[in-house]
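Okay, here's what each chain looks like letter by letter:
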Amino acid sequence: MLSRTARAMVKTAKQQPWKAPEFFRGAILPPGRMLAHQASMPRLPVPALSQTLEKYLRAVRPLLDDEEFQHTTQLVEEFGKPGGLGDSLQAKLQMRALERQSWLADWWLHTAYLDFRMSVVLHVSPGIVCPPQNFNGQEGQLKFAAQMVAGLLDYKVQIDNQSVPIDKLGKNSLCMDQYYKLFSACRIPGERRDQVVVYGPGSNVRPRHIVVAHNNKFFAVDVYDENWKPLSQDLIHAQLQKVVYYSRYPSEPVGILTSENRNTWGKIYKLLKKDKSNKASLDAINKSIFMLCLDQEVPRGDHRKSSIAHQLMHGGGSELNSGNRWFDKTLQFTVGTDGAIGLTYEHSPAEGPPIIALLDHMMDYCSQAPEVQETTVEPKEPERLPFTTNDKILEAIDNAKRGLDVQVKDLQLKPVTFHEYGKGFPKSQKMSPDSYIQIALQLAYYKLYKVPCATYESGSTRMFHLGRTDTIRSASVESLEFCKAMEDSGVPPGEKIALLKRAIDGHKKYAQETVSGQGIDRHLLGLKLTAIESGLNVPDLFMDSAYEEALHFKLSTSQVPSKYDSFLCFGPVVPDGYGFCYNPREDHLNFCISAFNSSPETDADKLADSLHQSLLDMRELLSTQAKL
Ligand code: COA
């Protein structure tokens, strides 16, 4: 309940009319269908303070001992008392919500992405592995790459004429803003904060080129003719052949600088830009529609799938393809020489689902398109984008190579296909597949560690204008009770089943509340940032070790479904944690687990085995139901 003054403040504030988002430079939608849809979207609500505090206490309960929990309860009560600090911060936050399109969007963009100073590689940018294709050798690589480019341009037509089908969650239409920040977008490093530039619909620059990387060299390749007609597949193919011919010998891997820590890269970027031709090359990369990386052959070893996942996440290290990248580019597609394809994407403009929609379209196109299409007019020659280096830049490249190689060696990636069953099984049990998988993961973790851990699952808030995600906290009082019971042979199956259902229902309820804008994590962040922006001390609630524990996500998870057998992979968000991304299909499950080799506590292979066993145990348990 808000204090009287707070209520008065909120009442007198006027709701501002809708306008296009201002914090992505250039991302202005021209009038059209999309704009009309966006304008009618509801705004992200500010949840009630008492509700968030109550849910926060429940969320941290399984992570704390009794004494810690009592301390946190006192802090929460103090913060939330009528007329207290929580009340006044809540009122200010509600004011912000009335004055903006989204009280969260720019805060989130900065906090989660642009102010983040570690490398985007491994820590921010996911890799997506598409089903391997049936080609081998350079000619097959170029033919497929040409088809891929044609398929992506085919999708871009829908972006340009604002006809991308509007995503739905149940009956609700979702915010489509992210779709319009994918093409012709790039992150630009700064010494303290980065920015994102988008030369999309509505911007006064209309790029007609992509950038192709081969042997660490970059080329601007026009993919539209002078009448803005996309080039035919055979012409794109011919362009790619020229690129490969012009880059027979490898160059200094200037692109590897984009894998640096952001402050370091920000400084070098400034230095690079001082040279006129470097500036022009950077400009061409930033404005390009997307990047296409034609990779060198990769020795696969015994674990082909894992090797491809590494290639897509970071290029495999400086000896392989990491210099053949520009990690700041929002969309960076890769085509290997042995059928491996996929992309790496810079996360700040968008979540996985819009990118999967684009990839699914490309895959549809490639599986249907004729190999050779009619030729149109002769395009401009591919243009080499040169980089002039000096001793300082060469030294920076050496440092970046060493730094990335250490990180690459440290990353363990375990892609798995679970063949025993898919989401059809939980559905047949009248259970939400997503909640079922999340509880199976809780069980898998508990089997290994005998304790739960703070767990992050992305829940989409795209039901609201400019919505992105909030956290579904999958570790709960109920999930812990279920895990304990499963590890206790004295608990009868009937009781275990009841606890499983309670844990799944609890997760589903939390997920539904989160996607309805009633999550707690972004709200708490908003209250904390409101205090900071008001010049106040950070409230004790946020200095509490319980808050730190609640944000130490040893399990960072996300569902990214696709109609193809693609899977997404990303790194752990804490040194002693796991990344876990899954694509549940009807009769099997695809997932990828990541961990750091340097952590003595984590092992992706062990977690994968434990998850396999947990999924089998849960099916076994539910099959006893019929016999009870
Ligand atoms: N009985 C039978 N079927 C059920 C069921 C039940 N009790 N509950 C759900 N189902 C069905 C659904 O109808 C749906 O059917 P479909 O496969 O025919 O579409 C399917 O099971 C999946 O539903 P569910 O598993 O509950 O998950 P969801 O699709 O609603 O997704 C979230 C849940 C949280 C993952 C989703 O809302 C979300 O937020 N996704 C975005 C995450 C994101 O942004 N990730 C990217 C980060 S980079």
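Nothing here was measured: the structure is a model prediction, and the numbers come from that model.

This next bit is on the overall build of the protein chain. Looking only at helices and strands, the protein chain features 21 helices and 18 strands. Taken over C-alpha atoms, the radius of gyration comes to 25 Å for the protein chain, in line with the 25 Å a tight globule of 628 residues would show. Along the first, second and third principal axes, the C-alpha set of the protein chain runs to 70 × 60 × 50 Å. The proportion of buried residues among the 628 residues of the protein chain is 61%. Partitioning the contacts of the protein chain with sequence separation of at least 6, the portion at a separation of at least 24 is 75%. Within the structure as shown, the protein chain displays about 25600 Å² of accessible surface, and the carbon and sulfur contribution to it stands at 52%. Distance from the positive charge centre (72 side chains) to the negative charge centre (74 side chains) of the protein chain: 5 Å.

Let us look at the layout of surface pockets. As a volume, the second largest pocket reaches approximately 430 Å³. Taken together, 21 residues make up the lining of the second largest pocket; nearest its centre are Arg-300, His-303, Ser-306, Ser-307 and His-310. Secondary structure elements with two or more residues in the lining of the second largest pocket: helix H11 (304–314), strand E12 (411–418) and helix H21 (604–625). Here the lining of the second largest pocket takes six residues from H11, the largest share from any one element.

What follows covers the site of the ligand. The ligand sits among 22 residues. The nearest are Lys-423, Ser-432, Asp-434, Ser-460 and Lys-508. Here a nitrogen atom of the ligand and a side-chain polar atom of Ser-558 are 3.1 Å apart. When the ligand is considered free in solution it has 980 Å² of accessible area, and contact with the protein chains removes 67% of it. Among the elements of the structure, helix H12 (352–368), helix H15 (433–449), strand E13 (455–460), helix H17 (493–518) and strand E15 (555–559) are those that each provide at least two residues to the shell around the ligand. Here the element with the most residues in the shell around the ligand is E13; it accounts for four residues. Here the residues of the shell around the ligand sort into seven nonpolar, eight polar and seven charged.

Here the focus is the side chain of Thr-557. If you trace the backbone, Thr-557 turns up in strand E15. Take Thr-557: its relative accessible area is 1%, and that puts it in the buried class.

Core analysis: the biggest nonpolar cluster contains 93 residues, and Tyr-56, Phe-218, Leu-257, Trp-326 and Leu-541 have the highest contact counts within it. Of all hydrophobic cores here, the second largest spans 57 residues; its members include Tyr-155, Leu-294, Val-335 and Tyr-345.

A separate point is the packing of helix H7 (residues 137–160) against H12. For any two helices packed against each other, the geometry is given by the interaxial angle and the distance between the axes. Between H7 and H12, the least distance of the axes is 8 Å, while the angle of their chain directions is 125°. Compared by their axis directions, H7 and H12 come out oblique. When you trace H7 past H12, the crossing you get is right-handed. Contacts between H7 and H12 involve Phe-144, Gln-147, Met-148, Ala-150, Gly-151, Leu-152, Asp-154, Tyr-155 and Gln-158 from the first element and Ala-357, Leu-358, His-361, Met-362, Tyr-365 and Cys-366 from the second.

Next up on the list: the packing of aromatic side chains. Tallied over the entire structure, the rule returns 21 aromatic pairs. An angle of 25° between the planes, with centres 4.3 Å apart, marks the rings of Tyr-445 and Tyr-449 as stacked. On the criterion of helical spacing, the pair formed by Tyr-445 and Tyr-449 is a turn pair, its members being four residues apart in helix H15. For Tyr-449, a relative accessible area of 24% translates into the label partly exposed. Members of the aromatic cluster, connected to one another through ring pairs, are Phe-218, Trp-265, Tyr-269, Trp-326 and Phe-387. Note that Arg-96 overlies the ring of Trp-107, its terminal NZ or CZ placed 3.5 Å from the centroid. Positioned over the ring face of Tyr-245 is Arg-248, at 4.0 Å from the centre of the ring.

According to UniProt, the positions carrying the feature "active site" (unreviewed entry) are His-347. Counting through the fold element by element, His-347 comes out in the loop between strand E10 (341–345) and H12. Judged by its relative accessible area of 15%, His-347 is buried. Once residues lying within four places of it in the same chain are set aside, the contact partners of His-347 are Tyr-113, Val-124, Ser-125, Pro-126 and Arg-468.

This part takes up the pattern of salt bridges. Close approach of charged atoms allows side chains with opposite charge to pair. Scanning the entire structure with this criterion turns up 37 salt bridges. Beyond isolated ion pairs, a larger network of salt bridges with shared partners links Arg-117, Arg-187, Asp-194, Arg-262, Asp-328 and Glu-346.

With that out of the way, let us pick up helix H4 (residues 66–80). For H4, with 15 residues, the first-to-last C-alpha span of 21 Å sits near the 21 Å given by 1.5 Å per residue. Of the positions making up H4, those classed as buried are Phe-69, Thr-72, Thr-73, Leu-75, Val-76 and Phe-79. Looking down the long axis of H4, one finds its buried residues gathered within 165° of arc, a one-sided arrangement. Facing away from the buried surface of H4 by more than 90 degrees, the exposed residues are Asp-66, Glu-67, Gln-70 and Glu-77. On its buried side, H4 packs onto helix H3 (49–60), helix H5 (85–99), helix H18 (521–533), helix H19 (540–543) and helix H20 (545–551). The N-cap residue of H4 is Asp-65: its side-chain oxygen and the backbone nitrogen of Glu-67 are 3.2 Å apart.

Strand order in the open sheet formed by eight strands is E11-E7-E6-E8-E9-E10-E1-E16, with mixed pairing between adjacent strands. At either end of the open sheet lies a strand with only one pairing partner, and these are strand E11 (383–384) and strand E16 (567–569). With six bridges joining them, strand E6 (residues 209–214) and strand E7 (residues 217–222) adopt antiparallel strand pairing. If you follow His-214 over to E7, its bridge partner there is Lys-217. Against the sheet, H11 makes contact with strand E1 (127–129), strand E9 (331–335), E10 and E16, and its axis sits at roughly 140° relative to E1, the strand it touches most. Sitting on the sheet, H12 touches E1, E9 and E10, and the angle it makes with E10 is about 155°.

Here the focus is unusual backbone geometry. Located in the positive-phi region is Lys-430, a residue other than glycine, with phi close to 60°. When you line up the elements, Lys-430 lands in the loop between helix H14 (424–428) and H15. A positive phi angle, close to 65°, is found at Leu-466, a residue other than glycine. With respect to the helices and strands, Leu-466 occurs in the loop between E13 and strand E14 (469–473).

Right, let's get into the side chain of Gln-332. Mapped onto the elements, Gln-332 comes out in strand E9. Reaching out from Gln-332, the side chain makes a polar contact with the backbone nitrogen of Trp-326 at a distance of 2.5 Å. Excluding residues within four positions of it along the chain, Gln-332 makes contact with Met-291, Cys-293, Arg-325, Trp-326, Phe-327, Gly-342, Leu-343 and Thr-344.

Each value, and the rule that gives it
Residues numbered from 1 in each chain as written. Predicted model: local features only at pLDDT ≥ 70, side-chain atom pairs only at ≥ 80, totals over all residues. Heavy atoms only, no water. Helix = DSSP H or I, 4+ residues; strand = E, 2+ residues; numbered from the N terminus. Rg over C-alpha atoms; globule rule 2.2 N^0.38 Å. Buried < 20%, exposed > 50% of the residue type's maximum accessible area, 1.4 Å probe, protein only. Contact = heavy atoms within 4.5 Å. Areas by Shrake-Rupley, 256 points an atom, 1.4 Å probe, with all protein chains shown as cover. Lys, Arg positive; Asp, Glu negative; His and termini not counted. Charge placed at Lys NZ, Arg CZ, Asp CG, Glu CD. 1 Å grid on protein atoms, 1.4 Å probe; cavity = no way out; pocket = protein on both sides within 12 Å on 5 of 7 lines; lining within 4 Å. Points joined across faces, edges and corners; volume = space filled by probe spheres on them. Near = heavy atom within 4 Å. Polar contact = N/O pair within 3.5 Å; in protein donor to acceptor, adjacent residues only side chain to side chain. Nonpolar A, V, L, I, M, F, W, Y, C, P; charged D, E, K, R; others polar. Core = buried A, V, L, I, M, F, W, Y, C linked by side-chain atoms within 4.5 Å. Axes fitted to C-alpha atoms, helices over the stretch in contact; angles between N-to-C directions. Parallel < 35°, antiparallel > 145°, perpendicular 65-115°, else oblique. Left-handed = near helix turned anticlockwise from the far one by under 90°. Phe/Tyr/Trp six-rings, centres within 6.5 Å; stacked < 30°, edge-to-face > 60°. Lys NZ or Arg CZ within 6 Å of the ring centre and 35° of its normal. UniProt positions renumbered as here; feature names shortened; annotations may be inferred. Salt bridge = Lys/Arg side-chain N within 4 Å of Asp/Glu carboxyl O. Expected span 1.5 Å × (residues − 1). Arc of directions from axis to C-beta. Pairing = 2+ DSSP bridges.

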